[in-house]
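Single-letter residue listing:
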Amino acid sequence: TDSWILSQSSISRWVPLRERGTIKGIFFAGAYTAGAVTPLLVGVLISEWHVPWRAIFVVFSLTGFVWAGIWYRWFRDDPAGHPAVNTAERDFILQGRHVDAPLLRGWSYWKRLLGQRNILALCLMYVPNSVTFYFCITWLPTYLREYHHFEKAELGYLAALPLILSVGTQFLGGWVSDQITARLGLAAGRRLPAMVGYALAAVAIFIAASASAPRTAAVFIALAAASCMLTTAPAWGTVLDIGREHSAVVGATMNTAGQIGAIFSPMIVAKSVTWFNDWNFPLFLLGGLFVTGAFCWLFIDPNQPVFAKEGE
């Protein structure tokens, strides 16, 4: 999560406005690819190479140190300071970058940040996205096993299917966002793919909850999760649009709201199943969140920066 937040500042400095949706789509597609590949890699290390499970943590941590060293040596905070960036590249990157607004401090900063409708709508909108991800990695395998009685072999594939499909939709959401932005403007470019994504997710999850065939239910849950992830790149692109030089803080605010919802979601699933004795009840709750998320996008304006300079 920290890398997601820190990437906001880097992308705001390095990526032109017209390409930010695509870049965020690539970023999150890579993250989900890693999430889908890691269990397979762990399985190979344990079963084929007979690596002790404790040693796997060491291997992964060493990989992180290696990457940190490469990043520290290669990366620069601003493209103007990178020796590999020529004048034409620098001018292309800087095209459309906004002038930094005066920096507020203390309570004035947080009052301005948290008191805007844009930020409140953005935070509420992101809750379904985070809740969906945590549902897939916590309760989905149990749901498929307990309610639909899938065996271990098929269960593993169906539980991983939402993340696998989301790799494509993460990128697609960002790419479509940039394409619409180029033709219809920034507001349409961010809102339309996100609203369509949540709407499709709501339809798919309601079908899953109503399906009598186990495989149909499992596939439509995966489609709901993948459709939901169409919203990720537009959401983080909007963070860059309205946050600008404060995009790391804006992103952290939005992500914190999403994580709060995600923290409570496993407990809500457990309680709802106990109270109502119905495994599909959490799916209907998730569908309600998708509808709410789509509605929130009507109140999010990516053209309205949180800290605008005078006269903007």
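Residues numbered from 1 in each chain as written. Predicted model: local features only at pLDDT ≥ 70, side-chain atom pairs only at ≥ 80, totals over all residues. Heavy atoms only, no water.

Looking at the overall build of the protein chain
Helix and strand counts for the protein chain come out as 13 helices and zero strands. Order of helices (α) and strands (β) in the protein chain, N terminus to C terminus: α-α-α-α-α-α-α-α-α-α-α-α-α. Taken over the C-alpha trace, the protein chain has a radius of gyration of 21 Å; the compact-globule value for 312 residues is 20 Å, and the two agree within 12%. Along the longest, intermediate and shortest principal axes, the C-alpha atoms of the protein chain span 60 × 50 × 40 Å. A burial count over the protein chain gives 45% of its 312 residues as buried. (Helix = DSSP H or I, 4+ residues; strand = E, 2+ residues; numbered from the N terminus. Rg over C-alpha atoms; globule rule 2.2 N^0.38 Å. Buried < 20%, exposed > 50% of the residue type's maximum accessible area, 1.4 Å probe, protein only.)

Here we look at the environment of Phe-307
Along the polypeptide, Phe-307 turns up in the segment after helix H13 (281-296). In this structure, the C-alpha to C-alpha distance between Phe-307 and Met-229, residues 78 residues apart in sequence, is 28 Å.

Notes on the confidence of the model for the protein chain
Across the protein chain, the average pLDDT comes to 88, with 92% of residues at 70 or higher. The element-level mean pLDDT for the protein chain is lowest in helix H1 (residues 2-14), coming to 68, with helix H9 (residues 186-210) highest at 97. (pLDDT = per-residue confidence, 0-100.)

Brief notes about a nonpolar patch on the surface
A surface patch of nonpolar side chains, about 570 Å² in accessible area, is lined by Ile-260, Ile-263, Phe-264, Met-267, Ile-268 and Leu-285. Looking at which element gives the most residues to the nonpolar patch, the answer is helix H12 (residues 247-276), with five residues. You can see Leu-285 is positioned in helix H13. (Patch = residues over 30% accessible without salt bridge, like charges linked within 9 Å, V, L, I, M, F, W, Y side chains within 5 Å. Areas by Shrake-Rupley, 256 points an atom, 1.4 Å probe, with all protein chains shown as cover. Salt bridge = Lys/Arg side-chain N within 4 Å of Asp/Glu carboxyl O.)

Points about unusual backbone geometry
Positive phi, close to 55°, is recorded for His-50, a residue that is not glycine. Along the polypeptide, His-50 turns up in the loop between helix H2 (20-47) and helix H3 (53-74). Phi at Asn-277 is positive, roughly 50°, even though this residue is not glycine. One can find Asn-277 in the loop between H12 and H13. Judged by its relative accessible area of 72%, Asn-277 falls in the exposed class.

Let's talk about the nonpolar core
Leu-122, Met-125, Tyr-143, Leu-144, Val-250, Met-254 and Phe-290 are the most contacted members of the largest nonpolar core, which has 59 residues in total. No other element matches the ten residues that helix H6 (residues 117-138) contributes to this core. In contact with Leu-144, not counting residues within four places along its chain, are His-149, Phe-150, Leu-155, Leu-158, Ala-159 and Ala-218. If you look at the next biggest cluster of nonpolar residues, it comprises seven residues, including Ile-11, Trp-14, Phe-75 and Val-85. (Core = buried A, V, L, I, M, F, W, Y, C linked by side-chain atoms within 4.5 Å. Contact = heavy atoms within 4.5 Å.)

A closer look at the packing of H2 against helix H8 (residues 152-184)
In a pair of packed helices, the angle between the axes and the distance between the axes together describe the arrangement. As a packed pair, H2 and H8 sit with axes 7 Å apart at the nearest point and diverge in direction by 175°. Our classification of the angle between H2 and H8 gives roughly antiparallel. Counting all contacts with H2, which are made through Arg-20, Gly-21, Thr-22, Gly-25, Ile-26, Phe-28, Ala-29, Tyr-32, Thr-33 and Ala-36, the residues of H8 involved are Leu-163, Ile-164, Ser-166, Val-167, Gln-170, Phe-171, Gly-174, Trp-175 and Asp-178. (Axes fitted to C-alpha atoms, helices over the stretch in contact; angles between N-to-C directions. Parallel < 35°, antiparallel > 145°, perpendicular 65-115°, else oblique.)

Observations concerning the pattern of salt bridges
Throughout the structure, instances matching the rule amount to five salt bridges. With a shortest N-O distance of 3.8 Å, Arg-90 and Asp-91 are connected by a salt bridge. By relative accessible area, Arg-90 is classed as partly exposed at 30%. Overlapping salt bridges, with partners in common, bring together Asp-178, Arg-190 and Asp-241 in one network.

Observations regarding the packing of aromatic side chains
Considering all chains together, one arrives at 19 aromatic pairs under this definition. Relative to Tyr-134, the ring of Phe-133 has its centre 5.5 Å away and its plane inclined at 90°; by these criteria the two rings are edge-to-face. Owing to a relative accessible area of 25%, Phe-133 belongs among the partly exposed residues under this scheme. Here the aromatic residues Trp-14, Trp-67, Trp-71, Trp-74 and Phe-75 are joined through ring pairs into a cluster of three or more. A cation sits over an aromatic face here: Lys-24 above Phe-27, 4.6 Å from the ring centre. (Phe/Tyr/Trp six-rings, centres within 6.5 Å; stacked < 30°, edge-to-face > 60°. Lys NZ or Arg CZ within 6 Å of the ring centre and 35° of its normal.)

Remarks on the environment of Ala-199
Summarising the element assignment, Ala-199 is placed in helix H9. The spatial distance from the C-alpha of Ala-199 to the C-alpha of Gly-293 is 8.9 Å, given a sequence separation of 94 residues.

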